[in-house]
Each structure stands twice: as C-alpha cells, then as structure tokens.
Number of protein chains: 2
Amino acid sequence: MALLPAPLEQLILGLERLPGIGPKTASRLAFYFLKAPEEYASDLAEALKAVKSGTAFCQTCFHIMDASRTECQICADEKRDKRTICVVEDSLDVLALEKTVGYFGQYHVLHGVLSPIEGIGPDDIRIYELEMRIKTEPVEEVIVATNPSMEGDATALYIRQRLEKYPVKLTRLARGLPVGGDLEYADQSTLLRALAGRQSL
Amino acid sequence: MALLPAPLEQLILGLERLPGIGPKTASRLAFYFLKAPEEYASDLAEALKAVKSGTAFCQTCFHIMDASRTECQICADEKRDKRTICVVEDSLDVLALEKTVGYFGQYHVLHGVLSPIEGIGPDDIRIYELEMRIKTEPVEEVIVATNPSMEGDATALYIRQRLEKYPVKLTRLARGLPVGGDLEYADQSTLLRALAGRQSL
C-alpha cells in the first residue's frame, strides 16, 4: 500500500536524485514544500526551468554567464591581467578565487578533471581550448589550480606535459597547513608537503 | 560585481531557503541542475508545482493523502482497529510506524507540537479535532507517540490533561535504550529512563 499521495512521492523521488540528498532528507524537504507558501514552490519551479535557458558558458574561459552576454564579465574586463590564466575545475572555483580579491588575471574553467575510473579523458574537459588560448593569447603564466586531490593532481600533470612545449611559466597552488588549522590534526601528506615547502622565517 | 548569472543566483537563493541547506550546498545543487539533463529540472519543477494542488489532508486523521480521495487509506481501511488512535506529530511519523508492521489502529496527525517559544499553542495543532474523535468514535486507547523531546513531552502532558475526563486509556511510547545501541554511549536521561522502566527478565 502506497502511504503517500502520488504527487508527493514524485517530488520525493525527484529530490532524492540530487547529490548528497538521501531518502530521509528528500522526504523532509518535500514536506517543507507542502507547508511553505504556494509562491515559494512555484518560484523555485520557475527558477529551475529558467536556469538552463538563462545561462551560457563564456566561449573564451568557459565560466558560466548570463545567456544575454557574448563573453563573461572577467574576460570582458579590460583592467584584468591578460598575461596570467588560472585553470580551475569549475565555475564555483572562480567564485572562491575572486572572493580572495588577490588575483587579477584571467581564468579557464575545465569543467571537470581527468578520471579514468569515470571514463573522463582529456577530450571531455576544456584542455584543447586551453592550449588554443596559450597559442593565440599573450599568456606568460598558467596557474594550475585544480583541487589538491588525486584527480586534480593527475590533471595538473597532464596539463604540464601538454603545455611544456610553449614558452609559458607553469605553476601550481601551494600546499601546506591551512590557515587557522592545527598541526596536531593535519594529515600526514599535508604535513609532509608543509615540511617540503618550508620557507625562511 | 555579480559573478554569477541572474537565473543561477535566483535558483541558489531559492534553494538556500530550504531547511538544512546552506549557501555552499545550494550552489552545489544549482550547478548540478545546470549539468543534469533538461528534463530533470523541468520534471522536478512540475512536481513542485503539483505537490500542493495534488495533495490534501484527511479530514478525520489529518494524514496527507491524494487530493482525489475523500479520506485517507488508513481511515478508509475497514480491517484496521477503530478502538486505538496513535497520535503523532506529522505524516512522516505515520510512515515510520507503518513500516514496523506492528500497529493496526488509527492515527491522528497533530501537524506540530506545543512550543511557547515559537508561539505554537493548542489551537495551532489538531488537538481539538482529536478530542472530537474521542467523543464521537468508539476509541478505547490513545497512544501518544509525539517525539521524546521537550516539546513532544509537553504536548503529551497537555493531551493527558485535556483527555483525562474521557473514559479512554492514555499511553505513551516506551523510553529506553535503542535496539542496537550501546550502553556506554547512551545519554544520562535515556539511561535513567531505561533503569526506571526495567522489566523482569
């Protein structure tokens, strides 16, 4: 016997497909929609429908942008340093770096990392487009800012191999103890990296 | 400078309003929708819009049901014991109890608990309707199955005061160690309850 009405079941099943949302959370969210004002559910429904048609990817750096633009705000900004490209995995990484207010160059969003297990190869992410930018733009430095994970590191190595024939400086973000972190709780490999990268006081 | 396109910002803001979803999770979910097939977002949007119009509350027990029904499946089931009513906080509790396959009576969904801090009094939850059922239905036992929390306990006490003038047996779910739990990790009050409620071996 199905104990929940079909429209509610439908919503719970839809919410369960979201990453990090299990059956319990999906039920809780669905009931929240039931109790919330009608406008909330319908506004969110509209936002869901609009998100794909209203957005596009910048054809230079592949950062997400308003569909009405021809290039993203960062690429269009004449004041930004055209000689540096920071390579990131996705658009959220661009936001994180912009929040630091400490980087003024360009970006290049790969939209993924190399992952043989998931069948993601160099042609599935925006590496070819990165190479084309190195060839045609006045780039002097490429900062590879993929995540400090196994896949992120493999992707960084692959990018190095692919770009070392060009006259550009290739760098990678520093590894070490996170600010505010505790030496006692740092994992072994972070500590090893922090040791190896030690700087004069 | 807004770094995300407006339709995406809109979606993130909408998702952030959900209980238990913070700004980071909201961004992650919004980007998931961007990458997922178009049908997924539009199906979920439809489900969101349909959930309120497609569902209703049973006018006897207030459990959620399909809007096309006149009473819920449990109330409509002639085989269920009409002499017992189990009082719960919300419809998800009905599902949890039904999953035990160990209860065959009726339910009564309060849709909340008494909470002076949040300004929720007896008239804001379905207590009056419960009293009316005690008066008109052949009820012999009321099992108060509100959560074992401060509010749940206060609600149970209030229900006892309100119903003790009627010739019904009032019971509350047992407290004690959860099955599979560990004595060492049980909190003090659970352990005290388990001791007080000890049973002969």
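Since this is a predicted model, take the numbers as computed values, not measurements. (Residues numbered from 1 in each chain as written. Chains lettered and ligands numbered in written order. Predicted model: local features only at pLDDT ≥ 70, side-chain atom pairs only at ≥ 80, totals over all residues. Heavy atoms only, no water.)

All right, on to unusual backbone geometry then. Residue and element names in this part refer to chain A. Positive phi, close to 65°, is recorded for F62, a residue that is not glycine. Following the sequence through the fold, F62 ends up in the loop between β1 (55–57) and β2 (64–66). Of the residues examined, F62 reaches a relative accessible area of 3% and is grouped as buried. (Helix = DSSP H or I, 4+ residues; strand = E, 2+ residues; numbered from the N terminus. Buried < 20%, exposed > 50% of the residue type's maximum accessible area, 1.4 Å probe, protein only.)

Right, let's talk about the environment of A:T84 for a bit. All names here are of chain A. Residue position: T84 is located in strand β3 (residues 84–88). Spatially, the C-alpha atom of T84 lies 5.9 Å from that of Q106, the residues being 22 residues apart in sequence. Once you skip the residues sitting within four places of it in the chain, T84 turns out to touch Y103, G105, Q106, E141 and I143. Within the local environment of T84, its side chain forms a polar contact with the side chain of D81, the two groups lying 3.5 Å apart. (Contact = heavy atoms within 4.5 Å. Polar contact = N/O pair within 3.5 Å; in protein donor to acceptor, adjacent residues only side chain to side chain.)

Right, let's get into helix α1 (residues 6–16) of chain B. All of the buried residues in α1(B) are B:P7, B:L8, B:L11, B:I12, B:G14 and B:L15. Projected onto a plane normal to the axis of α1(B), the buried residues spread over an arc of 160° and lie on a single side. (Arc of directions from axis to C-beta.)

In this section: the relation of the copies chain A and chain B. Expressed as a screw operation, the relation of chain A to chain B combines 0.0 Å of axial shift with a rotation of 180°, fitting to an RMSD of 0.1 Å. The transformation relating the two chain copies, once decomposed into turn and shift, fits a two-fold axis. In terms of proximity to the rotation axis, the leading residue of chain A is A:A45, whose C-alpha is 2.1 Å off the axis. (Least-squares fit on C-alpha atoms with pLDDT ≥ 70 in both.)

If you walk through the whole model with that rule in mind, you get 8 aromatic pairs over all chains. When the ring of B:F33 is compared with that of B:Y40, the centres are 5.7 Å apart and the planes differ by 20°; the resulting orientation is stacked. Of the two residues, B:F33 and B:Y40, both sit in the buried class. An aromatic cluster is built from A:Y32, A:F33 and A:Y40, whose rings are joined through pairwise contacts. (Phe/Tyr/Trp six-rings, centres within 6.5 Å; stacked < 30°, edge-to-face > 60°.)

Another point: the domain arrangement of chain A. Partitioning chain A into structural domains gives domain 1 (6–52) and domain 2 (79–200). The distance between the C-alpha centroids of domain 1 of chain A and domain 2 of chain A comes to 35 Å. (Domains from an automatic or database assignment.)

The next point concerns empty space enclosed by the protein. Within this structure, the stated rule accounts for 2 cavities of 30 Å³ or more. A volume near 60 Å³ is recorded for the largest cavity. For the largest cavity, the full set of lining residues is A:L15, A:L18, A:F33, A:L44, A:L48, B:L15, B:L18, B:L29, B:F33, B:L44 and B:L48. Mapped by element, the contributors of at least two residues to the lining of the largest cavity are α3 (38–53) of chain A together with α2 (23–35) and α3 (38–53) of chain B. Split into classes, the residues belonging to the lining of the largest cavity amount to 11 nonpolar, no polar and no charged. In this structure, the second largest cavity spans a volume of roughly 30 Å³. Every residue along the wall of the second largest cavity is listed here: A:F57, A:I64, A:S91, A:H111, B:F31, B:L34 and B:K35. (1 Å grid on protein atoms, 1.4 Å probe; cavity = no way out; pocket = protein on both sides within 12 Å on 5 of 7 lines; lining within 4 Å. Points joined across faces, edges and corners; volume = space filled by probe spheres on them. Nonpolar A, V, L, I, M, F, W, Y, C, P; charged D, E, K, R; others polar.)

Moving on, we get to the sheet that holds β3(A). Think of a sheet as strands paired side by side through backbone hydrogen bonds, with each pair either parallel or antiparallel. Residue and element names in this part refer to chain A. Across the sheet, 4 strands lie side by side as β4-β3-β5-β6; this open sheet has parallel pairing. Among the strands making up the open sheet, the edge pair consists of β4 (106–109) and β6 (169–172). Recorded for the sheet is a direction-independent mean angle of 25° between the axes of neighbouring strands. This element, helix α6 (residues 127–136), spans β3, β4 and β5 (141–144) of the sheet and lies at about 150° to β4. (Pairing = 2+ DSSP bridges. Axes fitted to C-alpha atoms, helices over the stretch in contact; angles between N-to-C directions.)

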